Amino acid sequence: MTSPGRGPVPAAKTVTAPDRGSLPVLVARGLTKRYGHVTALGGTDLTLRRQEVLAVIGDNGAGKSTLIKCLSGAVVPDEGTIEVDGRQVAFRGPLDARAAGIETVYQHLAIAPARDIAANLYLGRELRRKGFAGWGLRLLDRKAMRANTRELLDSLGLLTIQSLDQAAETLSGGQRQGIAVARAAAFGSRVVIMDEPTAALGVKESRKVLDLILEIKNRGIPVILISHDMPHVFEVADRIHIQRLGRRIACVPTADITMPEAVALMTGASQPGPEHIQD
Ligand SMILES: Nc1ncnc2c1ncn2[C@@H]1O[C@H](COP(=O)(O)OP(=O)(O)OP(=O)(O)O)[C@@H](O)[C@H]1O
Ligand SMILES: [Mg+2]
């Protein structure tokens, strides 16, 4: 289209609001984290789609936990960007990420050893009493927290804990891990991240965690699962992100790769091709 003397007139653009439905929930680009001479992350990317379980696999020291810590605010990257629902974020600490709906089960569990189970579950988001006792005197609603904790643990069928009054330090490793998983499942509203959630669990409890991961996904919340357990990964993941020497070298639908192929890429026995990055 042209108008006399003015040159071409651009056609009117239809501006549509970004389609949230197709937007990835979480996108990280070029994340870099150095500790002195050690490069834990050397410019890694990650994309988490809606309604998926994304497994992150890689050898020891590949940067999986550091990547997760950047996404959960526990580590501030030296370089790179993170977007949540299309908006760039700069988490200064784990509370920022939690406020954005990202809950994380860390590989090395962050629990308060001397506090009881309900206190650990509600750590940082304690329920206050109603009325002035709550907002004025800041009194905690311990009764409600205990009742909710008991209900949550029963409904997950995850724990073999005998008394809610037990201090976390007296729990077994697997029971502690169960609490961390329960906490993430209960409070994750946008993304749930689990770094080796079954490492300390028995066969039965691991099964529960895998079921829980699928249940969280079915609730519409995507999950990032870091695991060395290949059968677990291949059972629950929709896509597999392979981390090697601080970078993402592959990201493929689980259906497009076999276990030996994934392990070969992970260990460097085979080299990734362009078909191995499918964001
Ligand atoms: N706080 C730190 N100080 C120094 N080096 C660190 C620190 N955290 C991580 N690293 C180093 O960064 C690299 C990546 O570590 P990271 O914990 O992210 O690996 P990972 O893939 O989670 O390994 P694993 O499978 O053993 O859990 C390793 O070489 C590690 O030694
Ligand atoms: Mg790790």
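Keep in mind it's a predicted model, so treat the numbers as computed, not measured.

## Quick word on the sheet that holds strand β10 (residues 223-226)
Taking strand neighbours across the sheet as the criterion, the six strands line up as β8-β9-β10-β5-β11-β12 in an open arrangement whose pairing is mixed. Edge positions in the sheet fall to β8 (102-105) and β12 (247-253), since each has one partner strand and no second. Neighbour-to-neighbour, the strand axes of this sheet turn through a mean angle of 15°, independent of strand direction. Bridge analysis of strand β9 (residues 191-195) against β10 gives four bridges, and the strand direction is parallel. The residue bridging V192 from the neighbouring strand is V223, located in β10.

## Describing the pairing of β10
Judged by which residues are buried, β10 turns out to be covered on both faces: V223 and L225 on one side and I224 and I226 on the other are all buried. Where strand β5 (residues 53-57) lies against β10, four bridges are found, and the strand directions are parallel. When the sheet's bridge partners are listed, V56 is paired in β10 with I226. As for the winding sense of the linkage, the β-α-β connection from β9 through helix α7 (residues 203-218) to β10 is right-handed.

## Concerning the confidence of the model for the protein chain
Mean pLDDT over the protein chain stands at 87; residues scoring 70 or higher make up 90%. Predicted confidence is poor over residues 1-7, with pLDDT under 50, and the contacts of this stretch with residues over four places away or in other chains come to six contacts. Below pLDDT 50 for its whole length, residues 9-15 participates in three contacts with residues either more than four positions away or in separate chains.

## Notes on the pattern of salt bridges
This structure, assessed with the given rule, holds 13 salt bridges. Put simply, E235 and R207 hold a salt bridge, and the shortest N to O gap is 2.6 Å. Residue E235 is found in helix α8 (residues 230-236), and its partner R207 is found in helix α7; the two are separated by 28 residues along the sequence. Taking the relative accessible area as the measure of exposure, E235 reaches 41% and is therefore partly exposed.

## Structural notes on α7
In a regular helix each residue adds 1.5 Å, so 16 residues correspond to 22 Å; α7 covers 23 Å between its end C-alpha atoms and thus fits that length. By the burial criterion, the buried members of α7 are S206, V209, L210, L212, I213, I216 and K217. The buried residues of α7 all sit within an arc of 155° when viewed along its axis, so they share a single face. In α7, those exposed residues whose orientation departs by more than 90 degrees from the buried face are K204 and N218.

Cut-off values and rules
- Residues numbered from 1 in each chain as written.
- Chains lettered and ligands numbered in written order.
- Predicted model: local features only at pLDDT ≥ 70, side-chain atom pairs only at ≥ 80, totals over all residues.
- Heavy atoms only, no water.
- Pairing = 2+ DSSP bridges.
- Helix = DSSP H or I, 4+ residues; strand = E, 2+ residues; numbered from the N terminus.
- Axes fitted to C-alpha atoms, helices over the stretch in contact; angles between N-to-C directions.
- Buried < 20%, exposed > 50% of the residue type's maximum accessible area, 1.4 Å probe, protein only.
- Right-handed = clockwise from strand over helix to strand, strands pointing away.
- pLDDT = per-residue confidence, 0-100.
- Contact = heavy atoms within 4.5 Å.
- Salt bridge = Lys/Arg side-chain N within 4 Å of Asp/Glu carboxyl O.
- Expected span 1.5 Å × (residues − 1).
- Arc of directions from axis to C-beta.

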